[in-house]
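Single-letter residue listing:
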Amino acid sequence: MANLQINLDAAALQSLDKRVRLLTDQNIRYAAAKALTGAAQAAQASLKAATPRYIDKPTRWTLNGTYVRFARPNNLEAEVGFKQDPQGRGNAAGRYLLPIVKGTKPKLKGVDLAATKLAGVPRGAALVPAKGSGLLNSSGNVPLTKYATILGQARQGGGPYFIAPVRSGSNVKAVFERKVGFIGRTSTLETNTRRLFTIDPNPKQRRPQFPVRQLLTQGFEQAWPKQVQASVQAELIKRLGGR
């Protein structure tokens, strides 16, 4: 999940601040609600600060896609995380981040289906960029224009891109690039071939890459003791007049 829910029994505050015994039940519940909300907001801030470590150049929409649901004296539960419900015209961050938060089987795209048809392999295979292919952009993705160019020319045949088994006798196929050029300053031609994509018949489950729940828990636990002390102090001032 891309969020964290925190529940609290108001009596649990006594283990963190002995002054709680000087407060009424109403004071305690107000203090608990304020501490829960404050710690949740601190967890929200720590999550936003950590996001660029797991997502390359996150957009403002992603960074601002978090929320905090405040705790109340009559409902000592706070919630913090990425929004799950659609916001305006945009997709909620909690939805499109779910694959890297939970890990999921890659969702096949149109280019995957086109490549499998072109290669004559069963549906369900996925295009996986080869290491060192140089196709990835700064966000770690292959632009659609490159997919279109490479697969289009491979379909036509006779160009620099073609599909063939990864090795002799293998059922796994790949997309290759063939380059022909002169050797140094000589008039001798040489042909170099490199793999651009593997058409993987069994795409692996994507492992979780963004430990949202862990980051929220750490942020909450770090802020919680101070939030309790500050909230209890505020209620003591209201009840005892600052004594």
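What you are looking at is a predicted structure, and each value in this text was computed from that prediction instead of being measured.

Caption draft 1: Region of interest: the sheet that holds strand β3 (residues 77-82). With antiparallel pairing, the three strands of this open sheet are ordered in space as β1-β3-β2. Edge positions in the sheet fall to β1 (3-7) and β2 (66-69), since each of these pairs with one other strand and no more. Adjacent strand axes in the sheet meet at a mean angle of 5°, parallel and antiparallel pairs treated alike. Pairing geometry for β2 and β3, over four bridges, is antiparallel. Along β3, the bridge assignment pairs valine 68 with valine 80. Contacting β1 and β3, helix α7 (residues 212-240) crosses the sheet at an angle of about 40° to β1.

Caption draft 2: Examining the pattern of salt bridges more closely. According to the stated counting rule, one finds five salt bridges in the structure shown. Residue glutamate 177 is joined to arginine 194 by a salt bridge in which the shortest nitrogen-to-oxygen separation is 2.8 Å. Separated by 17 residues along the polypeptide, glutamate 177 in strand β6 (residues 173-182) and arginine 194 in strand β7 (residues 189-200) bring together distant segments of the chain. The class of glutamate 177 is buried, set by a relative accessible area of 9%. The residue glutamate 235 makes a salt bridge to lysine 238 at a minimum N-O spacing of 2.9 Å. On the criterion of helical spacing, the pair formed by glutamate 235 and lysine 238 is a turn pair, its members being three residues apart in helix α7.

Caption draft 3: Spatial organisation of unusual backbone geometry. We note that lysine 57 has phi near 50°; this positive angle belongs to a residue other than glycine. Inspection of the secondary structure assignment puts lysine 57 in the loop between α1 (25-50) and α2 (60-63). What makes lysine 57 exposed here is its relative accessible area of 59%.

Caption draft 4: Region of the structure containing α7. Counted at 1.5 Å a residue, the expected span for α7 with its 29 residues is 42 Å, and the 41 Å between its end C-alpha atoms agrees. Helix geometry: α7 is bent most strongly at tryptophan 224, by close to 40°, with proline proline 225 lying one to four residues after it. All buried positions along α7 are accounted for by Val212, Leu215, Leu216, Gly219, Phe220, Ala223, Trp224, Val228, Ser231, Val232, Glu235 and Leu236. Among the structural elements, β1, α1, β3 and α4 (98-102) are those in contact with the buried residues of α7.

Each value, and the rule that gives it
- Starting afresh in each chain, residues are numbered from 1 along the sequence in its written order.
- Predicted model: local features are reported for residues with pLDDT of at least 70 only, side-chain atom pairs are reported and counted for 80 or more only, and whole-chain, interface and lining totals are derived from all residues.
- Computation of side-chain values: all heavy atoms of the structure, hydrogens and water removed.
- By definition, two strands form a pair when at least two bridges between them are found by DSSP.
- Helix and strand definitions here come from DSSP, where helices need a minimum of 4 consecutive H or I residues and strands a minimum of 2 consecutive E residues; each element is numbered from the N-terminal end.
- Axis definition: a line fitted to C-alpha atoms, over the contacting stretch in the case of helices. Angles run 0 to 180 degrees between N-to-C directions.
- Contact between two residues is taken to exist if any of their heavy atoms lie within 4.5 Å; hydrogens are not considered.
- Any carboxyl oxygen of Asp or Glu that lies within 4 Å of a side-chain nitrogen of Lys or Arg is treated as forming a salt bridge with it.
- Each residue gets one of three labels from its accessible area relative to the maximum for its type: buried under 20%, exposed over 50%, partly exposed in between, using a 1.4 Å probe on protein chains only.
- Between the first and last residue of a helix there are one fewer steps than residues, each counted as 1.5 Å, and that sum is the expected span.
- Bending is quantified residue by residue as the angle between axes fitted to the seven-residue window ending at that residue and the seven-residue window starting at it.

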